[in-house]
2 protein chains.
Amino acid sequence: MARPRIKDVALRAGVSEKTVSNVINDYEHVSERTRKAVREAIAELGYRVNLAGRHLRRGRTGIIALVLPELDFPYFADLANGIITEAERNGLTVLLHQTRADRQHELSALHGFDHDFADGVILSPLALTTEDLRDRRRTLPAVLLGEAIEPGWADHVAIDNVRAARDATEHLISIGRRRILVVGGSDAPPPGTAEARTLGYRQALDAAGLPYDPAAVMPVAQFRMPHGAAAVARALDAGPRPDAVLCLNDQMALGAIRTLHERGLRVPRDVAVVGFDDVEGGRFSVPTLTTVSPDKKAVARVAVELLLLRIAEAAGGSGNADLPPEERVVPHRLAIRESTAGPAAAAPAG
Amino acid sequence: MARPRIKDVALRAGVSEKTVSNVINDYEHVSERTRKAVREAIAELGYRVNLAGRHLRRGRTGIIALVLPELDFPYFADLANGIITEAERNGLTVLLHQTRADRQHELSALHGFDHDFADGVILSPLALTTEDLRDRRRTLPAVLLGEAIEPGWADHVAIDNVRAARDATEHLISIGRRRILVVGGSDAPPPGTAEARTLGYRQALDAAGLPYDPAAVMPVAQFRMPHGAAAVARALDAGPRPDAVLCLNDQMALGAIRTLHERGLRVPRDVAVVGFDDVEGGRFSVPTLTTVSPDKKAVARVAVELLLLRIAEAAGGSGNADLPPEERVVPHRLAIRESTAGPAAAAPAG
C-alpha cells in the first residue's frame with residue numbers, strides 16, 4: 001500500500017483535509033470528538049506526521065532556514081527569536097540567512113541554497129516580484145512573511161498593515177493632531193509594506209474629513225534611525241511644522257524623537273510620535289514610544305505550524321501541494337505610551 | 001606528487017609559514033619582495049588557496065556558519081552584519097545559528113550540526129568551558145570570538161576587555177565621578193567578559209586611589225534593557241546615590257538612563273552613564289550615550305580572514321593544524337557623548 005496521505009486521513013475520519021491540518025497543528029477550535037477521530041485515523045493508517053513536537057527527522061535533516069532581509073533590525077531579531085523558540089520546541093534547528101533584500105539571495109533561499117540541508121524555509125521577501133514567483137514551482141516547503149507578493153503561491157503570514165496604520169493615524173487624530181507626517185511612506189499602490197501602511201493613513205484622514213497632503217509622505221532610503229532623524233529634520237526645515245509623526249517603524253521613530261529633541265520641540269506636547277513594531281528600544285526611550293504592536297509570537301507560531309505541516313506533507317511523499325496555500329492574518333494592537341500621551345500645544349502655524 | 005601544503009610554499013619561498021599566511025591574508029606588513037616570492041611559490045606549486053576573494057568552492061560548499069549567543073542583541077547583530085559583508089566579499093554564504101548560550105548548542109555548532117554543509121564556523125561561545133575544549137579535536141575549521149576560554153585551541157579574536165573597562169572608568173574618574181556602579185559586573189576571576197571588564201574597573205579605581213566597594217558591582221541575569229533599568233532602580237533604593245554608572249553593554253545603559261529619568265535625576269549632571277558596544281540606539285538616545293566602541297569591522301575582517309585561511313588549509317588536504325592558532329586583539333576606543341559630557345552636580349550625599 002502506498003504511503004498514506006492527508007486526504008486518506010480525512011476520508012477515514014470523515015472530515016475535510018483542512019480539519020486534519022487543524023488537528024495536526026493543534027488548533028483550539030476543533031471539537032474533542034473530531035480531534036479524536038482524526039488522531040485515530042492517523043494512527044490506523046500510520047500517517048507520518050509529528051503531533052506534539054517530537055522530531056520530524058525521518059529522512060530529513062531537522063534543519064529549517066529562516067531568511068530575513070536585515071538581521072540588525074530589532075523587529076526581525078524579535079521575529080527570529082520567536083521562530084527559533086517555536087522551531088526548537090518542535091525539535092528543529094534554525095539557520096538564518098540575511099538577504100539584504102537582494103532578489104538573487106531571496107530566490108536562492110527559496111531553493112535551499114542549492115544544498116540539501118534544509119527541510120523547509122521561512123522567508124520574508126522584500127525584492128521578489130509577482131513575476132519571480134508566478135511561474136516558479138516551489139522546490140522546498142516554504143512559508144512567506146510580510147506583505148503578500150503573490151497570494152496563493154505559498155503559505156503566507158502577516159498583520160493587516162492597512163488596518164494597523166489606520167488605527168495609528170486614528171489615534172493621532174483622536175488626540176487632536178491634524179498635520180501628520182508619514183516617515184517611510186510611499187504613494188505607490190500596494191503590495192509593499194510602506195504602500196499598505198500609507199494607504200491606511202490615507203483612509204484614516206479620509207474618514208476624518210482631513211485633507212491629504214502628498215508632501216507629508218516622506219520616503220526614506222532605509223528604515224533606520226538616521227533616516228528617520230533626517231526625514232524629520234527635512235520636514236522641519238521645509239515647514240509648516242507637523243504636530244505628529246507616524247513613522248513606519250520604531251527605529252525611524254526613535255531617530256525622529258532625537259531630532260525633535262535637538263530642535264527644542266517637546267514630544268508629545270509639540271509633536272506626537274508613533275512607530276511600528278514594538279521593539280524594546282521604544283519601551284525604554286525618553287519618552288517611551290507609542291507603537292503598532294504586531295503579535296510577533298503569533299507570527300512565529302503560525303509560520304512554524306504551517307511549515308511543519310508542509311514538511312510533513314513532503315515527507316509523506318505526496319509533495320507539498322496537498323492543501324492549498326493558506327493566508328493567515330495575525331492580530332496587532334496599538335501600544336499607547338508617552339510619545340502620544342497628553343494634550344497638544346496650540347495648533348501649529350500654517 | 002602530493003597536494004602542496006603551506007609548509008611547501010614556505011620552503012620554496014624561503015620564508016616562515018606565518019609569513020605565507022600573512023601574504024595569503026593580504027596583510028600590510030609584508031614587504032613587496034616577500035609578497036612576490038610567496039606568490040611565485042604558490043603559483044609554481046599550484047598551492048590551492050584563494051588570494052583575492054575568489055570562490056573557495058573546490059569541493060567545499062561555500063557556506064560558513066556564524067554561531068552567536070543571542071541574535072536580538074544589537075551588538076551581535078552588528079557583528080553578524082560585518083561578518084556577512086566580509087564573507088560575501090569572499091564568495092561565501094553565511095548561515096547563522098543562535099545558541100542562547102547553551103553549551104550543547106555551542107558544542108553541536110563546533111561540529112557543523114552533524115551535517116556537512118558548512119566549510120567552517122565562527123563561534124562566540126558563552127557556555128563552553130575550558131574542559132569542553134581541552135580534550136576535543138576541532139573537526140571543522142573554527143574561529144572563536146569574545147573572551148578566550150581556552151587559549152591556543154583555535155584562532156581567537158577579541159578586544160582587550162580589561163583595558164576597555166579601565167579606559168571607561170578612568171574617563172568617569174577624570175570628570176570627577178567617585179561613586180561608580182558597575183551594572184552587569186562580576187567579582188569572579190576571568191575568563192568571562194563581565195569578569196574581565198570588572199577587573200579593568202577595579203584597576204582604574206586602584207590607580208586613582210579610590211576605594212573598591214563590592215556593593216557597587218551589580219550582577220544581572222541578562223544584559224538587557226529591563227535588567228539595566230532594574231539594577232539602577234535597586235541601587236537608588238538602597239543608596240547612597242551613585243554619581244556614575246558603568247554598564248557593561250549599551251542595552252543596559254539605555255535601561256539605566258530610563259530609570260534615572262523616571263527618578264528625576266539628570267544625565268550626566270546628577271549621574272553620568274557609560275555603556276559598551278557602540279550600538280545605534282546609543283547614538284540617537286536622549287541623551288546620547290558614551291560607550292566603549294570596539295572596532296567591529298576589524299573583528300569581522302580578522303575573523304573571516306582567519307577562517308578563510310583555515311578552510312584553505314583544510315581544502316589543501318593538510319588538516320587545519322598547519323599553523324598554530326592565533327590570538328588577535330582588535331582595537332577599541334571610547335566614544336564620548338552627552339551622557340558623560342558636562343560637569344557633575346554637587347557630590348552626592350553619603
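These remarks concern the structure in this document. (Residues numbered from 1 in each chain as written. Chains lettered and ligands numbered in written order. Predicted model: local features only at pLDDT ≥ 70, side-chain atom pairs only at ≥ 80, totals over all residues. Heavy atoms only, no water.)

Some points on the overall build of chain A
In terms of helices and strands, chain A carries twelve helices and twelve strands. For chain A, restricting intrachain contacts to residue pairs at least 6 apart in sequence, the fraction spanning at least 24 positions comes to 71%. Within the structure as shown, chain A displays about 14000 Å² of accessible surface, and the carbon and sulfur contribution to it stands at 51%. (Helix = DSSP H or I, 4+ residues; strand = E, 2+ residues; numbered from the N terminus. Contact = heavy atoms within 4.5 Å. Areas by Shrake-Rupley, 256 points an atom, 1.4 Å probe, with all protein chains shown as cover.)

Here we look at the relation of the copies chain A and chain B
Note on the identical chains: chain A maps onto chain B by a rotation of 180 degrees and an axial translation of 0.0 Å, with an RMSD of 0.1 Å. Taken together, the turn and the small shift mark the pair as related by a two-fold rotation axis. Minimal C-alpha distance to the rotation axis in chain A is attained by Leu96 of chain A, lying at 2.4 Å. Most of the interface of chain A is mirrored in chain B, where 97% of its interface residues again form contacts. (Least-squares fit on C-alpha atoms with pLDDT ≥ 70 in both.)

Structural notes on the packing of aromatic side chains
Centre distance and the angle of the planes are the two values used to describe a pair of aromatic rings. Residues and elements named next belong to chain A. Under the definition given, this model contains six aromatic pairs over all chains. An angle of 50 degrees between the planes, with centres 6.2 Å apart, marks the rings of Phe73 and Phe76 as tilted. An aromatic cluster is defined as three or more aromatic residues linked by ring pairs; in this entry it consists of Phe73, Tyr75 and Phe76. For Arg202, the ring lying beneath its charged end belongs to Tyr212, and the centroid distance is 3.6 Å. (Phe/Tyr/Trp six-rings, centres within 6.5 Å; stacked < 30°, edge-to-face > 60°. Lys NZ or Arg CZ within 6 Å of the ring centre and 35° of its normal.)

Let's talk about the pattern of salt bridges
For the structure shown, the criterion picks out 36 salt bridges over all chains. Measuring nitrogen to oxygen at the nearest pair gives 2.8 Å for the salt bridge that ties Asp278 of chain A to Arg337 of chain A. Separated by 59 residues along the polypeptide, Asp278 of chain A in the loop between β9 (272-276) and α11 (281-284) and Arg337 of chain A in the segment after β12 (332-335) bring together distant segments of the chain. Here Arg337 of chain A falls in the buried class, since its relative accessible area comes to 17%. Note that Asp270 of chain B is salt-bridged to Arg266 of chain B, the shortest N-O span being 2.9 Å. When salt bridges that share partners are traced, they join Arg163, Arg166, Asp167 and Glu170 of chain A into one network. (Salt bridge = Lys/Arg side-chain N within 4 Å of Asp/Glu carboxyl O. Buried < 20%, exposed > 50% of the residue type's maximum accessible area, 1.4 Å probe, protein only.)

Structural notes on the environment of Glu313 of chain B
Residue position: Glu313 of chain B is located in helix α12 (residues 296-315). Note: C-alpha distance between Glu313 of chain B and Arg5 of chain B (308 residues apart in sequence) is 7.6 Å.

Brief notes about the sheet that holds β9 of chain A
Residue and element names in this part refer to chain A. With mixed pairing, the six strands of this open sheet are ordered in space as β7-β6-β8-β9-β10-β12. Here the strands that pair on one side only, and so sit at the sheet edges, are β7 (217-218) and β12. Across the face of the sheet, helix α8 (residues 193-208) comes into contact with β6 (180-183), β7, β8 (244-247) and β9 while running at roughly 170 degrees to β6. (Pairing = 2+ DSSP bridges. Axes fitted to C-alpha atoms, helices over the stretch in contact; angles between N-to-C directions.)

Brief notes about the pairing of strand β5 (residues 155-158) of chain A
Looking down a regular strand, the side chains alternate between one sheet face and the other. Residues and elements named next belong to chain A. Side chains Asp155 and Val157 project from β5 onto one buried face, and the interleaved His156 and Ala158 project onto a second face that is buried too. Pairing analysis gives three bridges linking strand β4 (residues 142-145) to β5, with the strands arranged parallel. Note that in β5 the partner of Leu145 across the bridge is Val157. Alignment of β5 against strand β11 (residues 327-329), held across three bridges, turns out to be parallel. Bridge pairing links Ala158 to Val329 in β11.

Description of the nonpolar core
Membership of the largest hydrophobic core comes to 154 residues, with the highest contact counts inside it found for Leu96 and Ile122 of chain A together with Leu96 and Ile122 of chain B. Those residues in contact with Leu96 of chain B that sit more than four places away from it in its chain are Leu71, Val94, Leu95 and Leu96 of chain A together with Leu66, Leu68, Leu71, Ala80 and Ile84 of chain B. (Core = buried A, V, L, I, M, F, W, Y, C linked by side-chain atoms within 4.5 Å.)

With respect to the pairing of strand β6 (residues 180-183) of chain B
Residue and element names in this part refer to chain B. The side-chain alternation of β6 yields two buried faces, one formed by Ile180 and Val182 and the other by Leu181 and Val183. Both β6 and strand β8 (residues 244-247) contribute to a ladder of four bridges, which runs parallel. Along β8, the bridge assignment pairs Leu181 with Val245. With two bridges joining them, β6 and strand β7 (residues 217-218) adopt parallel strand pairing. Paired with Val182 across the two strands is Val217, which belongs to β7. In this view, the connection linking β6 to its parallel neighbour β7 by way of helix α8 (residues 193-208) has right-handed handedness. (Right-handed = clockwise from strand over helix to strand, strands pointing away.)

Details of the packing of helix α2 (residues 17-24) of chain A against helix α3 (residues 32-45) of chain A
All names here are of chain A. Between α2 and α3, whose axes approach to 10 Å, the crossing angle comes to 90 degrees. Of the possible angle classes, the one that applies to α2 and α3 is roughly perpendicular. Here Thr19, Val20, Val23 and Ile24 of α2 lie close against α3, whose contacting residues are Thr34, Arg35, Val38, Arg39 and Ile42. (Parallel < 35°, antiparallel > 145°, perpendicular 65-115°, else oblique.)

Re the side chain of Glu195 of chain B
Relative to the elements of secondary structure, Glu195 of chain B occurs in helix α8. It is Arg197 of chain B that comes nearest to the buried, bridge-free Glu195 of chain B among opposite-charge side chains, at 9.2 Å. (Lys, Arg positive; Asp, Glu negative; His and termini not counted.)

Observations concerning the interface of chain A and chain B
On the side of chain B, 37 residues touch chain A, which itself brings 38 residues to the contact. Summing both sides of the interface, chain A and chain B together bury roughly 3300 Å²; the carbon and sulfur share of this comes to 60%. Among the residues chain A hides against chain B, the three largest losses belong to Arg258, Phe284 and Val286 of chain A. Together they make up 21% of the total. Run the count over chain A and chain B and you get four salt bridges. Residue Arg100 of chain B pairs with Glu88 of chain A through a salt bridge whose shortest N-O separation is 3.9 Å. In this structure, the connection of chain A to chain B is made through 15 residue pairs in polar contact (both at pLDDT 80 or more). Elements with a contribution of two residues or more to the side of chain A that touches chain B: α4 (74-89), β2 (93-98), α9 (225-238), α10 (250-262) and α11 of chain A. Tallied by class, the residues present in the side of chain A that touches chain B amount to 16 nonpolar, 14 polar and eight charged. (Buried area = accessible area lost by both parts, 1.4 Å probe. Polar contact = N/O pair within 3.5 Å; in protein donor to acceptor, adjacent residues only side chain to side chain. Nonpolar A, V, L, I, M, F, W, Y, C, P; charged D, E, K, R; others polar.)

Description of helix α1 (residues 6-13) of chain B
All names here are of chain B. Within the span of α1, buried status applies to Ile6, Val9, Ala10 and Ala13. Seen from one end, α1 has its buried residues packed into an arc of 100 degrees, which puts them on one side. Away from its buried face by more than 90 degrees, α1 exposes Leu11 and Arg12. For α1, the secondary structure elements touched by its buried residues are α2 (17-24), α3 (32-45) and α12. Remark: Gly14 follows α1 within two positions and exhibits a positive phi of approximately 70 degrees. (Arc of directions from axis to C-beta.)

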